[in-house]
Amino acid sequence: MNELKKARAEYEAVPIPEELANIVQTSIQQGKKNYWQKRLKQGFAAAAACLALTFGVLNLSPTAAAIAADIPILSGLFQILTVRDFQKQEDGIDYQVSVPEVKAEGALAQQVNAAIQEQVDAHLARAVQDWQDYREAFFATGGTEEEWADREMNVVVDYEIKSQTDTSVSFVVSLAEGWVAAHEERYYYNLDLAQNQNITLQMLLGDDWVQICNDVIQREIAASVDEQGFSMFFAAEEGGFVSVDENTAFYISADGTPVVTFPKYAIAAGAAGMPEFPIVVD
Amino acid sequence: MAFVVTQLENYLIENQARFYRLAYSYLQNREEALDAVQTAVCRALEGRGSLRSAEMMRSWFNRILINICLDMLRQKKRVITVAPEDLTAGSYEDPLPADETLINRINALSLEEQTIIKLRFFEDLSLKEISEITNVNLNTVKTRLYSALKKLRISMEGEII
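Residues numbered from 1 in each chain as written. Chains lettered and ligands numbered in written order. Predicted model: local features only at pLDDT ≥ 70, side-chain atom pairs only at ≥ 80, totals over all residues.

**Student:** I keep staring at the interface of chain A and chain B and nothing clicks. Help me out?
**Tutor:** Many authors give the size of an interface as the accessible area that is lost as the parts come together. The interface of chain A with chain B comprises 23 residues on the first partner and 26 residues on the second. Elements supplying a minimum of two residues to the side of chain A that touches chain B: helix 1 (2-12) and helix 2 (20-58) of chain A. Counting residues per element, the side of chain A that touches chain B draws most heavily on helix 2 of chain A, at twelve residues. (Contact = placed C-beta atoms within 7 Å. Helix = DSSP H or I, 4+ residues; strand = E, 2+ residues; numbered from the N terminus.)

**Student:** For this particular structure, what's the right way to read the environment of Leu201(A)?
**Tutor:** Along the chain, Leu201(A) falls in helix 6 (residues 201-205). Taking the C-alpha atoms as reference points, Leu201(A) and Pro258(A), separated by 57 residues in sequence, lie 7.4 Å from one another.

**Student:** Hey, could you run me through the pairing of strand 4 (residues 153-164) of chain A in this one?
**Tutor:** Along a regular strand, successive side chains alternate from one face of the sheet to the other. All names here are of chain A. With five bridges connecting them, strand 3 (residues 93-104) and strand 4 associate as parallel partners. Counted as the bridge partner of aspartate 94 is asparagine 154 from strand 4. Sheet topology note: the strand 4/strand 5 (residues 168-178) ladder contains ten bridges and is antiparallel. Note on strand 5: the bridge partner recorded for valine 156 is alanine 176. If you look at the hairpin formed by strand 4 and strand 5, you'll find three residues sitting between the two strands. (Pairing = 2+ DSSP bridges.)

**Student:** Any chance you could explain the confidence of the model for chain A here in plain terms?
**Tutor:** Parts of the model with low pLDDT should not have their predicted coordinates read in detail. On average, residues of chain A score 81 in pLDDT, and 85% of them reach the 70 mark or higher. Across residues 50-75 of chain A, where pLDDT falls below 50, the model places 30 contacts with residues more than four positions away in sequence or in other chains. (pLDDT = per-residue confidence, 0-100.)

Here is the structure:
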């Protein structure tokens, strides 16, 4: 047993590297991040499955509609077409890209198309850059070619038509990047193609639109606090929600209700995703 | 859940030196041991959903860490290639020279036996915890512990003679 004590002393005499504390700290942070990302991914997949189902039933999906009738969403005044549609794999990046375009007379459609084009191009360029940076960092920190081969990045550009009438359309373009870090941006377009103008919350809700939106959102945030006093939403003084303004994103749901949306992290913890608030006026 | 996360974080930070030593005892390499701790801590927080209760934390985490170390050892084994002409007759001989110190003899035991000895005598874990960590039933753990001790004592006696 004495020898066992000596062995233990020897075991315990192994010097502890200075950087251990740091490594443990960063690993804790990384692990937490991965935990949420995993959960978000699952949530995202579930949400995507739901969407696919709804669209399947309503046959609203641009792709499905295009396949079924060989023509995209049609209306008298305008069409939403998929102008770039490809899936490819290149340098470890898995692309799934469907870019919409508004086909209509007038300057508005052109402006919107130019804006979408710019967003998509920037997104694709950024994805390639991020991937390169990651690759460099990966090898610089001792990663091997073999390990690298297992890695891939997903780049997704897609759009979804939220609602449409004969003269107007509300749709969202989503740009996503998924690898070690997941990232998604959404751009919302609400177009009145008869009047050639963007639809605003003011047009939908009247001059009191700011107050109306703020009341609904604040009520929802207050309702989200659980028994333990915890809420995913940040307090106003912590950079949380204060007020909507002209730049606040929204879309118009199928029943005509404006739905105000916020980017991830803007007013709530990342785990809350992209919060949405239907503004129902009672 | 938030409570468990804080507890887990504190546990990991407070015991980091122990984790490093345990990893080092398997891998015998500073960088690899750091690597193992890093991966284990990250994986623990990532997979904390599988931690059922705070009481299980110690055996739960040690299991993650030990599995990572064993994986790394296996990988190393795969990578090391020895040309046939470099193989001397000695390679086949008993790797337990009698004049080695006890710690070296422990390290020369099978991985299962090593784990039991280290966790029991260096990390002061109970046999029940060891059984949870190694996913081996308690009786088998006991049998292996005795057989390992016997092997070590035989070597000890051999040293005296």
